[in-house]
Amino acid sequence: MPTQRFKKIFRSVFTKLLVVIILAGICINLVVGGFFIHLRNQFIGPFHQNVVQYLNYLIADVGNPPNLDRAREIARESFLDVRYESPNLRWTTSDELPTEIRGRFRSLRQNPDVRYGRHRGRHIIEVTAEEGRFIFGPSRNLPVDSARHRLFVIMLLLLTLILAGAFFVIRHILRPVKWLNDGVKEVGRGNLKHRVPLKKSDELRDLAAAFNDMTDRIRDMLHTKEQLLYDVSHELRTPLTRMKVALEFLADSQAKQSLQSDIEEMEKMVSEILETARRQHKYENLKKQPTNLVDLIKQTTAAFENQPPGIEIVDLPSEIEVDIDPEQIKTVFENVLNNAIKYSQPDSAPIQISAKYEESYVVVQIRDFGMGIPAEERAHIFEPFYRVDKSRAKDTGGYGLGLSLCKTIMEAHDGKIEVQSRPQEGTTVSLFFPLI
Ligand code: ADP
């Protein structure tokens, strides 16, 4: 699981952008740093000469033979400790200066008598004079150290602030990508009413607007298709009736019976389509009222109790108050329960009904242990006239309109319907009702 999460983080555009910004920051620092190093290299020669010159003045000031008292005065005034080492005379203004200089000390290119390096965190310079060696180092009293540490902490704080700022700004800029992602998922689930928010004024807003336009157009196309279907169904009624009447005048025969049964089936199909259209029209004027969902469930299931494999209420609170049109929602429960019974065997385990609260919804789940729905079919079962096994129509009745109707009703209530299923194991239909 953690590896999955890591993969997700590394694949996100947000992380990539953040990494690009951090890398760009590092590269800019390297370039600017390189530029300053180049500048420093140009000035280092004259700087070293000046330092040597200054130290020579100090050595001259200390006198010959070198005078410790004068050296102490210099140490106080210029925060510079001095040690003198010669075969005859040795003194120091501070014991912290080393007597001998070893290790990674380098000689100045312009003057091999001057060597410099670091000793216990301090810069040390050794100047070899005629009779002895002078060792210089900054005094511990030099008030630069603490300030330098504070500066380092301030720099770290500023860097953290800049990175945190970049993090939040990128996240803010990329919010429309998340909205679009949610939109694509919603539309993929079939919710063509979903709108991606258009809050910014950049290319992502244009993309979101184009996405909303596309969804609108698909919805219009589907609507036109449905309308055509309803119109044709309506128009079919008269010729069907005429055919039925005409058939009555024919002599009884096998062919007549077969024609009559086909016409009856067509009539059933046409009236189911028209009934769906009539209901669809009703959703625009839902009669919503505060309803106890639990009572409605119990009332609906009572009618199915004697049908095998039976219904079992597993987990239901005593009251769930929602704002719904009870008649319409009853139709949804009836359709889903009908399917659960139709697509189970009489000896399957009983159908289970439960309800739970999930985010801003109350979810009613109807679970059966029947034949299930193959994964590749699951996306289509909410389409009108879609049936998994077309040849089953005669045995199980129905024209594939039930679930599409349920979906329309649930969406009219600002809810949704979802199906999870495993072939040969069973199906769970989840109905999401928004909480009041
Ligand atoms: P129908 O009237 O054919 O049942 P629906 O729209 O209610 O139409 O369902 C569409 C298709 O989804 C059905 O033909 C069936 O194949 C499948 N289906 C629905 N519910 C279930 C279920 N509980 N178990 C297995 N298949 C189901």
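Not measured: the values here are computed from a predicted model.

1. Here we look at the pattern of salt bridges
Opposite charge on two side chains allows them to pair when their charged atoms are near.
Part 1 of the argument: Scanning all chains against the criterion turns up 16 salt bridges.
Part 2 of the argument: D81 is the partner of R122 in a salt bridge, and the nearest nitrogen-oxygen pair spans 3.6 Å. Of the two residues, R122 is situated in strand β5 (residues 122-128) and D81 in strand β1 (residues 80-85); the sequence distance between them amounts to 41 residues.
Part 3 of the argument: Residue D81 is classed as buried on the basis of its relative accessible area, which comes to 7%.
Part 4 of the argument: Its salt-bridge partner being K407, residue E411 comes within 3.5 Å of it at the nearest N-O pair. Taken together, the positions of E411 and K407, both in helix α12 (residues 402-412) and 4 residues apart, correspond to about one turn of that helix.
Part 5 of the argument: Salt bridges here are not isolated pairs; linked through shared partners, they connect D61, R70 and E73.

2. A closer look at the packing of aromatic side chains
Part 1 of the argument: A full pass over the atoms with the stated rule returns 7 aromatic pairs.
Part 2 of the argument: Relative to W91, the ring of Y84 lies with its centre 6.0 Å away and its plane at 35 degrees, an arrangement referred to as tilted.
Part 3 of the argument: Aromatic side chains F134 and F136 sit 6.2 Å apart centroid to centroid with 15 degrees between the ring planes, which places their arrangement in the stacked category.
Part 4 of the argument: A relative accessible area of 3% places F134 in the buried class.
Part 5 of the argument: Over the face of the ring belonging to F432 we find K416, whose NZ or CZ atom lies 4.8 Å from the ring centre.

3. Examining the domain arrangement of the protein chain
Part 1 of the argument: Annotation of the protein chain at the domain level lists domain 1 (12-142), domain 2 (203-279) and domain 3 (289-434).
Part 2 of the argument: If you average the C-alpha positions of domain 1 and of domain 3, the two centres end up 84 Å apart.

4. Remarks on α12
Part 1 of the argument: Along α12, 8 of the 11 residues are buried, which leaves the element largely enclosed by surrounding structure.
Part 2 of the argument: All of the buried residues in α12 are L403, S404, L405, C406, K407, I409, M410 and E411.
Part 3 of the argument: Positive backbone phi, at 60 degrees, marks D414, one or two positions downstream of α12.

5. Overview of the nonpolar core
Part 1 of the argument: In this structure, L293, I329, F333, V364, L431 and F433 are the most contacted members of the largest nonpolar core, which totals 36 residues.
Part 2 of the argument: Where this core is concerned, the elements lending two or more residues are α8 (293-302), β9 (321-324), α9 (326-342), β10 (351-358), β11 (361-368), α12, β12 (416-422) and β13 (426-434).
Part 3 of the argument: The element contributing the most residues to this core is α9, with 7 residues.
Part 4 of the argument: Each residue touching L293, except ones within four places of it in the same chain, is listed here: I320, V322, I324, I329, F333, V362, V364 and F433.
Part 5 of the argument: Judged by nonpolar contacts, the second largest core, of 16 residues, contains I59, L108, F134 and F136.

6. Overview of helix α2 (residues 13-62)
Part 1 of the argument: Within α2, the axis deviates most sharply at I44, by approximately 40 degrees, and proline P46 lies no more than four positions further along.
Part 2 of the argument: Inspection of α2 places F14, T15, L18, G45, H48, V52, L55, L58, I59 and V62 among the buried residues, and these make up the whole buried set.

7. A look at the sheet that holds strand β3 (residues 106-107)
Strand pairs in the sheet, formed through backbone hydrogen bonds, run parallel or antiparallel to each other.
Part 1 of the argument: Pairing is antiparallel in the open sheet, where 6 strands are placed in the order β2-β1-β6-β5-β4-β3. Two strands close off the open sheet at either side, each with one partner strand: β2 (90-92) and β3.
Part 2 of the argument: Packed on one face of the sheet, helix α3 (residues 68-78) meets β1 and β2 and runs near 155 degrees to β1.

8. A closer look at unusual backbone geometry
Part 1 of the argument: N64 connects to P65 through a cis peptide bond whose omega is -5 degrees.
Part 2 of the argument: Position of P65 relative to the elements: it lies in the loop between α2 and α3.
Part 3 of the argument: The omega torsion across P308 and P309 is 5 degrees, close enough to zero to call that bond cis.
Part 4 of the argument: One can find P309 in the loop between α8 and β8 (311-315).
Part 5 of the argument: With a phi close to 55 degrees, F79 is a non-glycine residue in the positive phi region.

9. A closer look at the sheet that holds β13
Part 1 of the argument: An order of β8-β10-β11-β13-β12 is seen for the 5 strands of this open sheet, with the pairing classed as mixed. Two strands close off the open sheet at either side, each with one partner strand: β8 and β12. Averaged over all neighbouring strand pairs, the angle between strand axes comes to 20 degrees, with direction disregarded.
Part 2 of the argument: Each of β12 and β13 is contacted by α12, which is oriented at about 140 degrees to β12, the strand it contacts most.

10. Observations concerning a positive patch on the surface
Part 1 of the argument: Taken together, K7, K8, R11, K16 and K185 make up a surface patch of like positive charges.
Part 2 of the argument: With 3 residues, helix α1 (residues 2-11) is the largest single contributor of residues to the positive patch.
Part 3 of the argument: Residue placement: K8 occurs in helix α1.

11. Points about the layout of surface pockets
Part 1 of the argument: Within this model, the largest pocket holds a volume of roughly 1,600 Å³.
Part 2 of the argument: Forming the boundary of the largest pocket are 44 residues, of which G190, L192, K407, T408 and E411 lie nearest the centre.
Part 3 of the argument: At the level of secondary structure, the elements contributing two or more residues to the lining of the largest pocket comprise α5 (175-188), α6 (203-248), α7 (254-283), α12 and β12.
Part 4 of the argument: The biggest single contributor to the lining of the largest pocket is α6, with 10 residues.
Part 5 of the argument: Space inside the second largest pocket adds up to approximately 980 Å³.
Part 6 of the argument: What lines the second largest pocket is a set of 32 residues, and nearest its centre among them are G117, R118, H123, I124 and I125.
Part 7 of the argument: Split by residue class, the lining of the second largest pocket holds 16 nonpolar, 7 polar and 9 charged.

Calculation notes
Residues numbered from 1 in each chain as written. Predicted model: local features only at pLDDT ≥ 70, side-chain atom pairs only at ≥ 80, totals over all residues. Heavy atoms only, no water. Salt bridge = Lys/Arg side-chain N within 4 Å of Asp/Glu carboxyl O. Helix = DSSP H or I, 4+ residues; strand = E, 2+ residues; numbered from the N terminus. Buried < 20%, exposed > 50% of the residue type's maximum accessible area, 1.4 Å probe, protein only. Phe/Tyr/Trp six-rings, centres within 6.5 Å; stacked < 30°, edge-to-face > 60°. Lys NZ or Arg CZ within 6 Å of the ring centre and 35° of its normal. Domains from an automatic or database assignment. Core = buried A, V, L, I, M, F, W, Y, C linked by side-chain atoms within 4.5 Å. Contact = heavy atoms within 4.5 Å. Bend = angle between axes of the 7 residues up to and from the residue. Pairing = 2+ DSSP bridges. Axes fitted to C-alpha atoms, helices over the stretch in contact; angles between N-to-C directions. Patch = residues over 30% accessible without salt bridge, like charges linked within 9 Å, V, L, I, M, F, W, Y side chains within 5 Å. Areas by Shrake-Rupley, 256 points an atom, 1.4 Å probe, with all protein chains shown as cover. Lys, Arg positive; Asp, Glu negative; His and termini not counted. Charge placed at Lys NZ, Arg CZ, Asp CG, Glu CD. 1 Å grid on protein atoms, 1.4 Å probe; cavity = no way out; pocket = protein on both sides within 12 Å on 5 of 7 lines; lining within 4 Å. Points joined across faces, edges and corners; volume = space filled by probe spheres on them. Nonpolar A, V, L, I, M, F, W, Y, C, P; charged D, E, K, R; others polar.

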